[in-house]
Amino acid sequence: MVYNFMLTRSIKSPEMAKNELQQSFDKSYELYNYLLKLIIDLTDLEDRYLDEARHKFLPTQEDLNPNTKFVKNKLVTLLRENEQLQHFIREHKLSWRDNEIFLKLTLNKIQNSDTYHEYMENGSNDLDGDCYFWIQIFKRMLIDDDDLLEELENQSVYWSSDDLDFMGQFVIKTIKRLNDGSDQPIMPQFKDQEDADYGPELFTATLDQEELNTATIEKFIDSRHWDSDRIALIDRVILLVALAEVRTFEKIPTTVTLNEYIEIAKSFSSPNSSAFINGVLNAAFRELKYSGVIRKP
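Residues numbered from 1 in each chain as written. Predicted model: local features only at pLDDT ≥ 70, side-chain atom pairs only at ≥ 80, totals over all residues. Heavy atoms only, no water.

A. Here's a closer look at the packing of helix 2 (residues 14-54) against helix 11 (residues 193-208). At a closest axis distance of 10 Å, the pairing of helix 2 and helix 11 adopts a crossing angle of 150°. Of the possible angle classes, the one that applies to helix 2 and helix 11 is roughly antiparallel. With respect to the hand of their crossing, helix 2 and helix 11 are arranged in right-handed fashion. Where helix 2 approaches helix 11, its residues Pro14, Ala17, Lys18, Leu21, Gln22 and Phe25 are matched on the opposing element by Gly199, Pro200, Phe203, Thr204 and Leu207. Residues belonging to the contact of helix 2 with helix 11 are distributed by class as follows: seven nonpolar, three polar and one charged. (Axes fitted to C-alpha atoms, helices over the stretch in contact; angles between N-to-C directions. Helix = DSSP H or I, 4+ residues; strand = E, 2+ residues; numbered from the N terminus. Parallel < 35°, antiparallel > 145°, perpendicular 65-115°, else oblique. Left-handed = near helix turned anticlockwise from the far one by under 90°. Contact = heavy atoms within 4.5 Å. Nonpolar A, V, L, I, M, F, W, Y, C, P; charged D, E, K, R; others polar.)

Structure follows, in structure tokens:
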């Protein structure tokens, strides 16, 4: 949201930026499904290796009788059988198979990890263990993998380290849901229509209220500590979006808005920004409540 509002300053049409916002939502959901597909394609690659070894001219006993625990992982079977996931994969033509070098590199990393060796040497063969293995692979390796991040950034301008981390956490949640037998283990892009409408509505409100909320920001900037002309653009945008949210969405408590945008400042702005954002928003929210502009906790 913050990125797309900033984008409107460099393009002619706010509608273009709104379309960019929707596309970023769509690409984030695509990444979620793409990461689930990575589990399947890595398994398929290992299965192919085992088959090639069995058909060597002079196969060893290990080639003929390999440990197939990795390729028979029950989580992978559930992913293959999930109609929602498979429909999305087909519709968006998602596959890692064209990225053979990356797949081989990633599989090699997994096979050389302690997590892999512990899993393969464990005699148990149940869904709990199979799900736990892939959760650990994502936690310990894939979410922070520089090669995976580089591959994703090469494929889409919408995919960054933040997207990988966020969608990686959703993959972990999905694995847990599959293990628990959830009726809807694959998460929908939006939980309901209200959720789907939230981003575009907040974006529009931020643009419509820019002049009003800029005046509010200027009023509560402490000139003893902050020079309003030198406030970073990202901090100003965070404040504008936060004020638009608190004015527009009656169901979102002010404390929730305050805490969320302080966290955004910590993640995307300078070390001092969270204190600045906290001070301005606290003062602005108090006045908006006192004047009756907002009537919520």
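Back to the write-up after that little detour.
B. Here's a closer look at the layout of surface pockets. When its volume is computed, the second largest pocket comes out at roughly 210 Å³. Element by element, the count of residues in the lining of the second largest pocket is highest for helix 2, at three residues. For the lining of the second largest pocket, the class distribution of residues is four nonpolar, two polar and two charged. (1 Å grid on protein atoms, 1.4 Å probe; cavity = no way out; pocket = protein on both sides within 12 Å on 5 of 7 lines; lining within 4 Å. Points joined across faces, edges and corners; volume = space filled by probe spheres on them.)

C. Representation of the pattern of salt bridges in the model. The full count for this structure, using the stated rule, is 15 salt bridges. Glu30 is paired through a salt bridge with Lys27; the nearest N and O atoms lie 3.2 Å apart. Residue Glu30 and its partner Lys27 are both found in helix 2; the two are separated by three residues, about one turn of the helix. Given the relative accessible area of 14%, Glu30 is considered buried. Its relative accessible area of 17% is what places Lys27 among the buried residues. Where Glu52 meets Arg48, a salt bridge forms, and the shortest distance between an N and an O atom there is 3.6 Å. Taken together, the residues Glu52 and Arg48, both in helix 2 and four residues apart, mark about one turn of the helix. Judged by relative accessible area, which is 43%, Glu52 ranks as partly exposed. (Salt bridge = Lys/Arg side-chain N within 4 Å of Asp/Glu carboxyl O. Buried < 20%, exposed > 50% of the residue type's maximum accessible area, 1.4 Å probe, protein only.)

D. Quick look at a negative patch on the surface. Together, Asp144, Asp146, Glu150, Glu153, Asp162 and Asp165 make up a region of like negative charge exposed at the surface. Those elements giving two or more residues to the negative patch turn out to be helix 9 (146-155) and helix 10 (161-179). With three residues, helix 9 is the largest single contributor of residues to the negative patch. Locating Asp144 in the fold gives a position in the loop between helix 8 (127-142) and helix 9. (Patch = residues over 30% accessible without salt bridge, like charges linked within 9 Å, V, L, I, M, F, W, Y side chains within 5 Å. Areas by Shrake-Rupley, 256 points an atom, 1.4 Å probe, with all protein chains shown as cover. Lys, Arg positive; Asp, Glu negative; His and termini not counted. Charge placed at Lys NZ, Arg CZ, Asp CG, Glu CD.)

E. Structural view of the packing of aromatic side chains. Summed over the entire model, instances satisfying the criterion amount to 13 aromatic pairs. Ring geometry for Tyr34 versus Trp96: centroids 4.0 Å apart, planes at 10°, classification stacked. Within this pair, whereas Tyr34 is found in helix 2, its partner Trp96 is found in the loop between helix 5 (83-92) and helix 6 (100-111), the two being separated by 62 residues in sequence. Each member of the pair Tyr34 and Trp96 is classed as buried. Put simply, the rings of Phe70, Tyr116, Tyr119, Phe133 and Trp134 touch in pairs and so form one group of aromatic residues. When the ring centre of Tyr119 is taken as reference, the NZ or CZ atom of Lys69 above it lies at 4.5 Å. (Phe/Tyr/Trp six-rings, centres within 6.5 Å; stacked < 30°, edge-to-face > 60°. Lys NZ or Arg CZ within 6 Å of the ring centre and 35° of its normal.)

F. View of helix 11. The end-to-end C-alpha distance of helix 11 is 22 Å, a good match for the 22 Å that 16 residues give at a rise of 1.5 Å each. The sharpest bend along helix 11 reaches about 30° and sits at Gly199, with the proline Pro200 one to four residues further on. If you check the start of helix 11, you find a side-chain oxygen 3.2 Å away from the backbone N of Glu194, and it comes from Asp192. (Expected span 1.5 Å × (residues − 1). Bend = angle between axes of the 7 residues up to and from the residue. Polar contact = N/O pair within 3.5 Å; in protein donor to acceptor, adjacent residues only side chain to side chain.)

Purely geometric stuff here, so don't read any function into it on its own.
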